Amino acid sequence: MSPSDSMPKLGRQNMDTTHVQLPQPVVTNLGCRSATPGRKHKLNAYAFQQDAIVTFKGYQYAAYWSNAGPDDGDTLYLCVARRLLRPRPDMSVLSNEDQVSKEAAYEWEVLELRDYKQTVDDGHNTISLGICPGDGTIHLAFDHHCDILRYRYSKRDVATQPRTVSWRSDIFSATLDYLPGIPSTHKPLRDVTYPRFGFLGENMFFSHRDGKAGLGNDHLYTYNGKDGRYEYVGPYLTGVQSNPYVNGMTSRDGVLYVTWVYRGFVEYPGWDDPLDTKHKQQAGPNGAENNHNICYAYSDADGYVWKNGCGEVIADLRDPAKFPTDVRGKERTIKNDCSGIAAFDVPKGKGLMNQEAQAVDQEGGVHVLNRDMMNEGGTYLWKHYYRSPDGTWTQRALQVITKGSKRGQLAISKTGDLYAILPDSTTKSMRILRATKASGFADYREVWKGDGLGGEPLVDSARLEYDNVLSVFARNNPVNPAKQAVESQAIAILDFELFM
């Protein structure tokens, strides 16, 4: 379905101060605030990190780059932090283990893993963190832009029995170039960008891109909590003279949802040279101007079988030796020309962003945050693209985008309302809009605005399910008396208690 040929529905924005606003957040800071003057790029708080902050069994975990201060210069180190969360006073205690004094709340324990030095000044080279519910292992993938895998994982039960575990560096493995069960000779692991982790029932998924901007594929793996090994599912998204850029991959109630945009490829001198590295530049001939189409697919088979929005099988990655052709789909991957994957036809050059945001609500509704200039006046607008549980896609404009604004984020509250977290890069500020489930996600209201925040906001979706607190992970860029934001790698985590 491609309703983008018509004008988008305009969301009803209301900034009436009589409307209930979000309470001011509790703010905690992580990381060193000293500058890294030799670096152009900050490596924390990018939209494609899945995840940088996640809650599991009453503990919250965060991963970020930092250093110990000016003596470390521009060298950064991988940091992993955790804290025990205090139950909300307006919610019943979820379990005896959740009982914690107010004084103990918001105290982070921080591990700085100084056996790996991050020195490459590239904004792609972030950290992603995942947790497997089945065995309590914590997984980290980091420092990639078309690079060999860099990966660490913890001992078993670190996340399932956190109170029995001392938060020390020896709970994590050394840096590895392979996954347990998948050898380092596995070709896709030699060329990794944008690693993602996510819950998959009692197990966990891992995905990443190979190739380069405009010419690559997305690969999917599952980690089994019973045997502690990964299994390669396959290249579930294959770019044909293009690459798919994933907005997010979300597992809910046994269904895996993914939305993405394509970026077409433009040949350049040396593009086919295996030793060429021009594709690792931050800008080049294969930039966002070549992004097009918003696409959608889902899997109710842990990523092995994929369907389009009409429920038709479009890719079957199951082993042909185990599943004969008469019970398998014909295609082994989702390609650009698969039927029914385009939710919105957005041409190249219309401002579509890669890897903005995705969220899935409790009813199976799919929400995408992106932007385009498809309106009659060509105004650059943030938009909420929504697939209702009955399969109908709609789009609504949220607001005009300030030139150069970073990517935003979406979150679904425990009560099913939608929150859009929108940064303004020019003012180093952030706005939060709320659209209620009762309105069909159409009554957008500004419920909070704050300054001194940079980067691209990330959210802890798991914590919203746990206690309906919206934890926003952003860069801490306090504004000095001269009205200028102070840039650093430091992180600010904002905790908003949402309406119940």
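Provided above is the structure to which this section pertains.
Remember, predicted model here, so these are calculated numbers, not experimental data.

Cut-off values and rules
- Residues numbered from 1 in each chain as written.
- Predicted model: local features only at pLDDT ≥ 70, side-chain atom pairs only at ≥ 80, totals over all residues.
- Heavy atoms only, no water.
- Helix = DSSP H or I, 4+ residues; strand = E, 2+ residues; numbered from the N terminus.
- Contact = heavy atoms within 4.5 Å.
- Areas by Shrake-Rupley, 256 points an atom, 1.4 Å probe, with all protein chains shown as cover.
- 1 Å grid on protein atoms, 1.4 Å probe; cavity = no way out; pocket = protein on both sides within 12 Å on 5 of 7 lines; lining within 4 Å.
- Points joined across faces, edges and corners; volume = space filled by probe spheres on them.
- Nonpolar A, V, L, I, M, F, W, Y, C, P; charged D, E, K, R; others polar.
- Salt bridge = Lys/Arg side-chain N within 4 Å of Asp/Glu carboxyl O.
- Buried < 20%, exposed > 50% of the residue type's maximum accessible area, 1.4 Å probe, protein only.

Participant: Teacher, can you tell me more about the overall build of the protein chain here?
Facilitator: Of regular secondary structure, the protein chain possesses 1 helix and 30 strands. For the protein chain, the share of sequence-separated contacts (at least 6 apart) that also reach a separation of at least 24 residues comes to 61%. Total accessible area computed for the protein chain in this model is approximately 19900 Å², and 50% of it derives from carbon and sulfur atoms.

Participant: Just checking my understanding: could you explain the layout of surface pockets for this structure?
Facilitator: Unoccupied space between atoms shows up once a probe the size of one water molecule is rolled over them. Roughly 880 Å³ of volume is contained in the second largest pocket. Along the wall of the second largest pocket there are 41 residues; nearest its centre are F199, T250, S251, S461 and A462. The set of elements that each furnish at least two residues to the lining of the second largest pocket consists of β3 (53-56), β7 (127-131), β10 (193-200), β14 (242-252), β20 (357-360), β24 (409-412), β28 (453-459) and α1 (461-467). Examining the composition of the lining of the second largest pocket, we find that 6 residues originate from one element, β14, more than from any other. In the lining of the second largest pocket, the residues fall into 23 nonpolar, 13 polar and 5 charged.

Participant: Could you clarify how one ought to interpret unusual backbone geometry in this entry?
Facilitator: Most of the time, phi is negative for any residue but glycine, and the peptide bond is trans. The linkage connecting Q50 with the following residue, D51, adopts the cis geometry, with an omega of -5°. Inspection of the secondary structure assignment puts D51 in the loop between β2 (26-30) and β3. Unlike most non-glycine residues, N293 shows phi in positive territory, near 65°. By the secondary structure assignment, N293 is in strand β16 (residues 291-299). The phi dihedral of F441 is positive, around 60°, even though this residue is not glycine.

Participant: Any chance you could explain the pattern of salt bridges here in plain terms?
Facilitator: Once the charged atoms of two side chains with opposite charge are near each other, the side chains can pair. Tallying each qualifying case throughout the model produces 19 salt bridges. A salt bridge links D147 to R150, with the nearest nitrogen and oxygen atoms 3.8 Å apart. Relative accessible area serves as the criterion here: at 14%, D147 is assigned to the buried category. The salt bridge partner of R463 is D495, with a shortest N-O separation of 3.2 Å.

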